[in-house]
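Overview (structure and organization)
One letter stands for each residue in the lines below.
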Amino acid sequence: MNRPQPVERMVEIVKKLPGVGPKMAERLSYHMLKMPQEEVDRFIYCIQNARQTMKCCSICCNLSEHDPCLICSDTTREQSIICVVETPQDLIAVSKVKDYKGLYFVLGGALSPLDAVGPDDIRIDKLMERLKSDNISEVIIATDTDSKGEITAVYLADIIKTLDIKVTRLGYGLPVGGDIEYADEVTISRAIAGRKEM
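Rules and cut-offs
Residues numbered from 1 in each chain as written. Predicted model: local features only at pLDDT ≥ 70, side-chain atom pairs only at ≥ 80, totals over all residues. Heavy atoms only, no water. Buried < 20%, exposed > 50% of the residue type's maximum accessible area, 1.4 Å probe, protein only. Helix = DSSP H or I, 4+ residues; strand = E, 2+ residues; numbered from the N terminus. Pairing = 2+ DSSP bridges. Right-handed = clockwise from strand over helix to strand, strands pointing away. Phe/Tyr/Trp six-rings, centres within 6.5 Å; stacked < 30°, edge-to-face > 60°. Polar contact = N/O pair within 3.5 Å; in protein donor to acceptor, adjacent residues only side chain to side chain. Contact = heavy atoms within 4.5 Å. Axes fitted to C-alpha atoms, helices over the stretch in contact; angles between N-to-C directions. Left-handed = near helix turned anticlockwise from the far one by under 90°. Nonpolar A, V, L, I, M, F, W, Y, C, P; charged D, E, K, R; others polar. Core = buried A, V, L, I, M, F, W, Y, C linked by side-chain atoms within 4.5 Å.

Topic: the pairing of strand 4 (residues 103-106)
Of the two faces of strand 4, both are covered, the one formed by Leu-103 and Phe-105 as well as the one formed by Tyr-104 and Val-106. With four bridges joining them, strand 3 (residues 81-85) and strand 4 adopt parallel strand pairing. When the bridges of strand 4 are listed, Ile-82 appears paired with Leu-103. Read as a crossover between parallel neighbours, the route from strand 3 over helix 5 (residues 88-95) to strand 4 is right-handed.

And the structure:
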């Protein structure tokens, strides 16, 4: 027997979430149908509220309620170092490490020739504008250690070096092929401490 059409539409939407396959999408959809109405209303409100209130920081491109974001507005941070990450989730993971007091920049993805994602599809031009206008002495490249992250890191290192800025890459501690957002604080702390020049 096929699922009712409204449930089928729910499953199709939920399946689009990252890491959710057909079976999990079906389970989540049926779970939401069993939730009390007030929980469903709160869930919908939270999604809509986040969509309406979150904006992209004009300096670092992180998601924030404020522009500029709280990190970019913090004058006590080290203003000459920028840590470049792929996503806002990666920024949150790195920001949990107490050892890093610099600034950030969110690329919004990674280069992926196989998926036709080139330099114009992520915020490389905006990063370069910032590096040229601000007094930056070091860029820490904290992209993922998978093939896309590595390609992005090498590409960024090559173009940033032309500006006479020191370029470092997170060091040991992060597993090859892993995502930064899933790493614990100690692992990220060791990776920052062990970063190396590219």
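So much for the structure itself; the text now carries on.
Observations concerning the packing of aromatic side chains
Under the definition given, this model contains one aromatic pair. Centroid distance Tyr-100 to Tyr-104: 5.3 Å. Interplanar angle 70°. Geometry classified as edge-to-face. Side by side, Tyr-100 and Tyr-104 carry an identical accessibility label, which is buried.

Brief notes about the side chain of Glu-138
For Glu-138, the location among the structural elements is in strand 5 (residues 138-141). Overall, Glu-138 belongs to the buried group, its relative accessible area being 7%. A distance of 2.8 Å separates polar atoms of two side chains, one belonging to Glu-138 and the other to Thr-168. Beyond its immediate sequence surroundings of up to four residues, Glu-138 is in contact with Ser-80, Ile-81, Ile-82, Ile-165, Lys-166, Thr-168 and Arg-195.

A short note on the pairing of strand 6 (residues 166-169)
Here four bridges tie strand 5 to strand 6, and the two strands are oriented parallel to one another. Bridging across to strand 6, Ile-140 finds its partner in Thr-168. This β-α-β element, strand 5 to helix 7 (residues 147-161) to strand 6, shows right-handed connectivity.

Re unusual backbone geometry
For the bond from Asp-67 to Pro-68, the omega torsion is 0°, close enough to zero to count as cis. As for its position among the elements, Pro-68 is in the loop between strand 2 (63-64) and helix 4 (70-73). Its identity is not glycine, yet Ala-116 carries a phi of approximately 60°, on the positive side. Locating Ala-116 in the fold gives a position in the loop between strand 4 and helix 6 (124-133). The exposure class assigned to Ala-116 is exposed, which follows from its relative accessible area of 63%. Positive phi values are uncommon outside glycine, yet Asp-164 reaches one of about 60°. Structurally, the position occupied by Asp-164 is in the loop between helix 7 and strand 6. By relative accessible area, Asp-164 is classed as exposed at 76%.

Quick word on the packing of helix 6 against helix 7
Running from N to C, helix 6 and helix 7 cross one another at 35°; their axes reach a closest spacing of 11 Å. Judged by the sense of rotation from one axis to the other, the crossing of helix 6 with helix 7 is right-handed. Residues Ile-124, Leu-127, Met-128 and Leu-131 of helix 6 form the contact with helix 7, whose own contacting residues are Tyr-155, Leu-156, Ile-159 and Ile-160. Across the contact of helix 6 with helix 7, the residue classes tally to eight nonpolar, no polar and no charged.

Considerations on the nonpolar core
Generally speaking, soluble globular proteins have nonpolar side chains that are buried together. Grouped together as the largest cluster of nonpolar side chains are 43 residues, with contacts concentrated most on Val-94, Leu-131 and Ile-160. Listing elements by their share of this core, those giving two or more residues are helix 4, strand 3, helix 5, strand 4, helix 6, strand 5, helix 7 and helix 8 (185-193). The element that contributes the greatest number of residues to this core is strand 3, accounting for five residues. Ranked by size, the runner-up nonpolar core spans five residues in total, among them Val-7, Val-11, Val-20 and Ala-25.

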